[in-house]
Amino acid sequence: MLLAITRLHTFRNVFLGLFIAITSSPIYAGELETAKLALLTTEINYLIDRVEEIRDTSNHLPVQRMTFRYQDLINDLEIIKHGITDFIKADLRDGRTIKPLNGRYR
């Protein structure tokens, strides 16, 4: 149980770091920036895998008073990953629709 809580706190810090990195990126994506953003999508995939792992192990724990909504977190990570991928592939003149994050996981 303590390990799961520690992982969630670590994950929260990583998630906040990703959010700050994404929201502070410049408008123009040069080659180096594009490579770093592509790497970030790989890291988000890793985070999604870890969240799914924690979710699967927590399903075997006794019922708790509050539960963490892992699928909402996974959905938000997918939205972030999709936004990065769109940024890498899209022409900035096209404009884009941004889907809001859920941000509430309990």
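Here, residues in each chain are numbered from 1, in the same order as that chain's written sequence. Only residues with pLDDT of 70 or above have their local features reported here, since the model is predicted, and side-chain atom pairs are shown and tallied only from 80 upward, although totals for entire chains, interfaces and linings are computed over all residues. Side-chain metrics in this entry use all non-hydrogen atoms of the structure; hydrogen atoms and water are not considered.

Structural notes on the nonpolar core
- Here the nonpolar core consists of buried residues drawn from Ala, Val, Leu, Ile, Met, Phe, Trp, Tyr and Cys, with membership extended through side-chain atoms lying within 4.5 Å. Each residue's exposure class comes from its accessible area (1.4 Å probe, protein chains only) as a fraction of the maximum for that residue type: buried when under 20%, exposed when over 50%, partly exposed otherwise. Counting residues in each nonpolar core, the largest one holds 15 residues, and the members touching the most others are Ile44, Val51, Leu77 and Ile84.
- Numbering of helices and strands runs from the N terminus; a helix is a DSSP stretch of H or I covering at least four residues, while a strand is a stretch of E covering at least two. The set of elements that each furnish at least two residues to this core consists of α2 (31-58) and α3 (70-89).

Here's the deal with the pattern of salt bridges
- Every case where a carboxyl oxygen of Asp or Glu lies within 4 Å of a side-chain nitrogen of Lys or Arg is listed as a salt bridge. The full count for this structure, using the stated rule, is four salt bridges.
- Between Arg50 and Glu53 there is a salt bridge, with its nearest N and O atoms 3.2 Å apart. Of the two residues, Arg50 and Glu53 are both situated in helix α2; the distance of three residues between them amounts to about one turn of the helix.
- Glu78 serves as the salt-bridge partner of Lys81, at 3.3 Å between the closest nitrogen and oxygen. Placement of both Lys81 and Glu78 in helix α3 is noted, with a separation of three residues, approximately one turn of the helix.
- Take Lys81: its relative accessible area is 19%, and that puts it in the buried class.
- A relative accessible area of 32% means that Glu78 is categorised as partly exposed.

Details of the packing of α2 against α3
- Throughout, an axis means a line fitted to C-alpha atoms (over the contacting stretch in the case of helices), and angles, computed between N-to-C directions, take values from 0 to 180 degrees. It is the contact of α2 with α3, at a shortest axis distance of 10 Å, that shows an interaxial angle of 170°. When the axes of α2 and α3 are compared, the pair comes out roughly antiparallel. Handedness of the α2/α3 crossing: left-handed.
- Each residue is assigned to one class: nonpolar for Ala, Val, Leu, Ile, Met, Phe, Trp, Tyr, Cys and Pro, charged for Asp, Glu, Lys and Arg, and polar for all the others, Gly among them. Considering only residue class, the contact of α2 with α3 consists of 16 nonpolar, six polar and four charged. For classification, angles of less than 35 degrees are called roughly parallel, those exceeding 145 degrees roughly antiparallel, those between 65 and 115 degrees roughly perpendicular, and all remaining angles oblique. In this scheme the handedness of a crossing depends on how the near helix is turned from the far one: anticlockwise by less than a right angle means left-handed, clockwise means right-handed.

Details of the packing of aromatic side chains
- Two aromatic rings, drawn from Phe, Tyr or Trp (for Trp, its six-membered ring), form a pair once their centres lie within 6.5 Å of each other, and the interplanar angle then sorts them: stacked below 30 degrees, edge-to-face above 60, tilted otherwise. Evaluation of the coordinates by the stated rule reveals one aromatic pair.
- Look at Phe68 and Tyr70: their rings are 4.8 Å apart centre to centre, the planes differ by 55°, and that puts the pair in the tilted class.
- For Phe68, a relative accessible area of 28% translates into the label partly exposed.

Thoughts on α2
- Each residue after the first adds 1.5 Å to the expected span of a helix. Look at α2: 41 Å from first C-alpha to last across 28 residues, which is about the 40 Å you get at 1.5 Å a residue.
- Buried within α2 we find Glu33, Leu37, Leu40, Thr41, Ile44, Leu47, Ile48, Val51 and Ile54.

Examining the environment of Leu37
- Locating Leu37 in the fold gives a position in helix α2.
- On the basis of relative accessibility, which here comes to 11%, the residue Leu37 falls in the buried class.
- Residues Leu37 and Ile88 lie 51 residues apart in sequence; the distance between their C-alpha atoms is 7.6 Å.

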